[in-house]
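# Structure at a glance
The residues making up each chain are set out below.
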Amino acid sequence: MSTSDTHDHTPASTSAGTTPLNPPVNSPAAAPDAVDAVVDAWRRERPDLDLTAIAVVGRLGRVNLLLGPAQEQVFTEFSLQRGEFDVLAALRRSGAPYALSPSQLSDLLMLSRAGMTNRLDRLESAGMIERTLDSADRRSFQIRLTDQGYATVDAAMTQHTANVTTLLADLTPRELTSLDTLARKLLHHLTDPVR
């Protein structure tokens, strides 16, 4: 199949602000955005390219850039960095006794051992975690939430959930479900080693 054949079957419009789903004219989704300007410029310069995926990835990138700082505000209120919250959250959701080995934490958070050590040092200094010898293996130790860490991560998680819910409040329940399904599908595709 040629490039022109592929482009002919693409439902994307070349007009700014129009998506393949053709949202209503008065919908925020129909309003032109910064990505439209970029895509329209490339369509003018390279009309031979199907830029549908470029538009999607561009918007995903901008969403990520905006969501990051909006979430960080909550963690800052609890004197936490995002990475430190992630450690506390991993321990909290592991269930009682809220303890994991450093290697388990590194695997869960996809972080190097050195990066994990830095986070653990800061959290231990803040009284959020403690290092304890592993009763099953005296040569290793576990990371356990302290009472202070437990209370902090529970309060932060409550506020984080409310904050993220507010950030996505413009989407209907059906749209949220669709977005989650599509994001799940994309994640599976990107993390599947056999492509």
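Since this is a predicted model, take the numbers as computed values, not measurements. (Residues numbered from 1 in each chain as written. Predicted model: local features only at pLDDT ≥ 70, side-chain atom pairs only at ≥ 80, totals over all residues. Heavy atoms only, no water.)

Turning our eyes to something else, we now look at the overall build of the protein. Helices and strands together make up the secondary structure of the protein, namely 8 helices and 3 strands. Seen in sequence order, the protein has helices and strands lined up from the N terminus as α-α-α-α-β-α-α-β-β-α-α. Taking all 195 residues of the protein together, 24% fall into the buried category. Taking the contacts inside the protein whose residues are at least 6 apart along the sequence as the reference set, 48% of them involve residues at least 24 apart. Carbon and sulfur atoms make up 59% of the accessible area of the protein, which amounts to about 13200 Å² in all. (Helix = DSSP H or I, 4+ residues; strand = E, 2+ residues; numbered from the N terminus. Buried < 20%, exposed > 50% of the residue type's maximum accessible area, 1.4 Å probe, protein only. Contact = heavy atoms within 4.5 Å. Areas by Shrake-Rupley, 256 points an atom, 1.4 Å probe, with all protein chains shown as cover.)

What follows covers the nonpolar core. Ranked by internal contacts, the top residues of the largest apolar core, which has 22 residues, are Val87, Leu88, Leu91, Leu105 and Ile129. Elements represented by at least two residues in this core include exactly helix 3 (52-77), helix 4 (82-93), helix 5 (102-109), helix 6 (113-125), strand 3 (137-145) and helix 7 (147-167). Examining the composition of this core, we find that 6 residues originate from one element, helix 4, more than from any other. In contact with Leu105, other than residues within four places in its own chain, are Val87, Ala90, Leu91, Leu100, Met116, Leu120 and Ile143. (Core = buried A, V, L, I, M, F, W, Y, C linked by side-chain atoms within 4.5 Å.)

A separate point is the confidence of the model for the protein. Here the protein shows a mean pLDDT of 86. Residues at 70 or above account for 83%. The secondary structure element of the protein with the lowest average pLDDT is helix 1 (residues 3-8), at 39, and the one with the highest is helix 7, at 98. pLDDT under 50 marks residues 1-20. Its contacts with residues more than four places away, or in other chains, come to 25 contacts. (pLDDT = per-residue confidence, 0-100.)

This part takes up the environment of Leu167. If you trace the backbone, Leu167 turns up in helix 7. Considering only alpha carbons, one finds Leu167 and Ala70, 97 residues apart in sequence, at a separation of 8.2 Å. Residues in contact with Leu167, not counting those within four places in the same chain, are Leu67 and Ala70.

It is worth spelling out the pattern of salt bridges at this point. The full count for this structure, using the stated rule, is 13 salt bridges. One salt bridge connects Arg122 with Glu84, and the closest N-O pair in it is separated by 2.6 Å. A residue pair is termed long-range when its members are at least 10 positions apart, and Arg122 in helix 6 and Glu84 in helix 4 qualify at 38 residues. Residue Arg113 pairs with Asp107 through a salt bridge whose shortest N-O separation is 3.9 Å. Exposure remark for Arg113: the relative accessible area of 49% places this residue in the partly exposed category. Asp107 sits in the exposed class, given a relative accessible area of 55%. Overlapping salt bridges bring together Asp33, Asp36 and Arg59 as one network. (Salt bridge = Lys/Arg side-chain N within 4 Å of Asp/Glu carboxyl O.)

Judged by side-chain polarity, Val56, Leu60, Leu186 and Leu190 come together as a nonpolar surface patch covering roughly 340 Å² of accessible area. Sorting the residues of the nonpolar patch by element identifies helix 3 and helix 8 (173-191) as the ones contributing at least two each. You can see Val56 is positioned in helix 3. Owing to a relative accessible area of 46%, Val56 belongs among the partly exposed residues under this scheme. (Patch = residues over 30% accessible without salt bridge, like charges linked within 9 Å, V, L, I, M, F, W, Y side chains within 5 Å.)

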